[in-house]
Amino acid sequence: MRAGTAPPGAVPKLVRVPAPSQLHRTGTRVLSGAMVVIGVALIVRSLAGAGGSGVIGVVLGVLFIAAGAGRLWALRRGAT
């Protein structure tokens with residue numbers, strides 16, 4: 001018998017799946033964190049480029065950071 005195979009007649013173990021609310025919370029944390037990172041990257045890229053659209057990049061970066069941080073804050077307070 002190879003390693004990792006069950007003997008004949010054995011009942012397979014069930015995998016525990018997280019509750020849908022836990023999956024939602026985790027997904028919200030990940031996507032909100034990504035929004036904050038994208039916002040920081042937009043600001044850095046806009047300031048480093050110093051092109052004509054620098055102001056737009058900074059404004060969008062601030063808005064991304066505010067949206068991501070606001071969602072994380074709301075999640076922490078218990079709002080969904």
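Scroll up to find the structure.
Since this is a predicted model, take the numbers as computed values, not measurements. (Residues numbered from 1 in each chain as written. Predicted model: local features only at pLDDT ≥ 70, side-chain atom pairs only at ≥ 80, totals over all residues. Heavy atoms only, no water.)

**What about the overall build of the protein chain?**
So, step 1. Regarding its fold elements, the protein chain presents two helices and zero strands.
So, step 2. Buried residues in the protein chain amount to 14% of all 80 residues.
So, step 3. Looking at the protein chain as shown, the accessible area adds up to about 6,400 Å², and 69% of this sits on carbon and sulfur atoms. (Helix = DSSP H or I, 4+ residues; strand = E, 2+ residues; numbered from the N terminus. Buried < 20%, exposed > 50% of the residue type's maximum accessible area, 1.4 Å probe, protein only. Areas by Shrake-Rupley, 256 points an atom, 1.4 Å probe, with all protein chains shown as cover.)

**A short note on helix H2 (residues 54–77)**
So, step 1. With 24 residues, H2 ought to run about 34 Å at 1.5 Å a step, and its terminal C-alpha atoms sit 34 Å apart, in line with that.
So, step 2. Every buried residue of H2 is listed here: Gly54, Gly57, Gly61, Gly68, Ala74 and Leu75.
So, step 3. Looking at the buried side of H2, the elements it contacts are helix H1 (20–49).
So, step 4. At the exit of H2 stands Gly78, carrying a positive phi of roughly 105°. (Expected span 1.5 Å × (residues − 1). Contact = heavy atoms within 4.5 Å.)

**Some thoughts on the packing of H1 against H2**
So, step 1. Where H1 contacts H2, the two axes come as close as 7 Å, and the packing angle between them is 160°. One element, H1, and the other, H2, form an angle in the roughly antiparallel class. In the crossing of H1 with H2, the sense of the turn from one axis to the other is left-handed.
So, step 2. Across the contact of H1 with H2, the residue classes tally to 16 nonpolar, 10 polar and three charged. (Axes fitted to C-alpha atoms, helices over the stretch in contact; angles between N-to-C directions. Parallel < 35°, antiparallel > 145°, perpendicular 65-115°, else oblique. Left-handed = near helix turned anticlockwise from the far one by under 90°. Nonpolar A, V, L, I, M, F, W, Y, C, P; charged D, E, K, R; others polar.)

**Re H1**
So, step 1. For H1, built from 30 residues, the straight-helix expectation of 44 Å at 1.5 Å per residue is met to within 8% by its first-to-last C-alpha distance of 43 Å.
So, step 2. By the burial criterion, the buried members of H1 are Thr28, Ser32, Gly39, Ile43 and Ser46.

**Examining the side chain of Thr28**
So, step 1. Mapped onto the fold, Thr28 is located in helix H1.
So, step 2. Once residues lying within four places of it in the same chain are set aside, the contact partners of Thr28 are Arg71 and Leu75.

**Side note on the side chain of Ser32**
So, step 1. The residue Ser32 is located in helix H1 in this model.
So, step 2. One polar contact links the side chain of Ser32 to the main-chain carbonyl oxygen of Thr28, over a distance of 2.7 Å.
So, step 3. Excluding residues that lie within four positions of it along the chain, Ser32 makes contacts with Gly68, Arg71 and Leu72. (Polar contact = N/O pair within 3.5 Å; in protein donor to acceptor, adjacent residues only side chain to side chain.)

**A word on a nonpolar patch on the surface**
So, step 1. On the surface, a cluster of nonpolar side chains totalling about 630 Å² of accessible area is made up of Ile38, Val55, Ile56, Val59, Leu60, Leu63 and Phe64.
So, step 2. A per-element tally of the nonpolar patch places H2 first, with six residues.
So, step 3. Position of Leu60 relative to the elements: it lies in helix H2. (Patch = residues over 30% accessible without salt bridge, like charges linked within 9 Å, V, L, I, M, F, W, Y side chains within 5 Å. Salt bridge = Lys/Arg side-chain N within 4 Å of Asp/Glu carboxyl O.)

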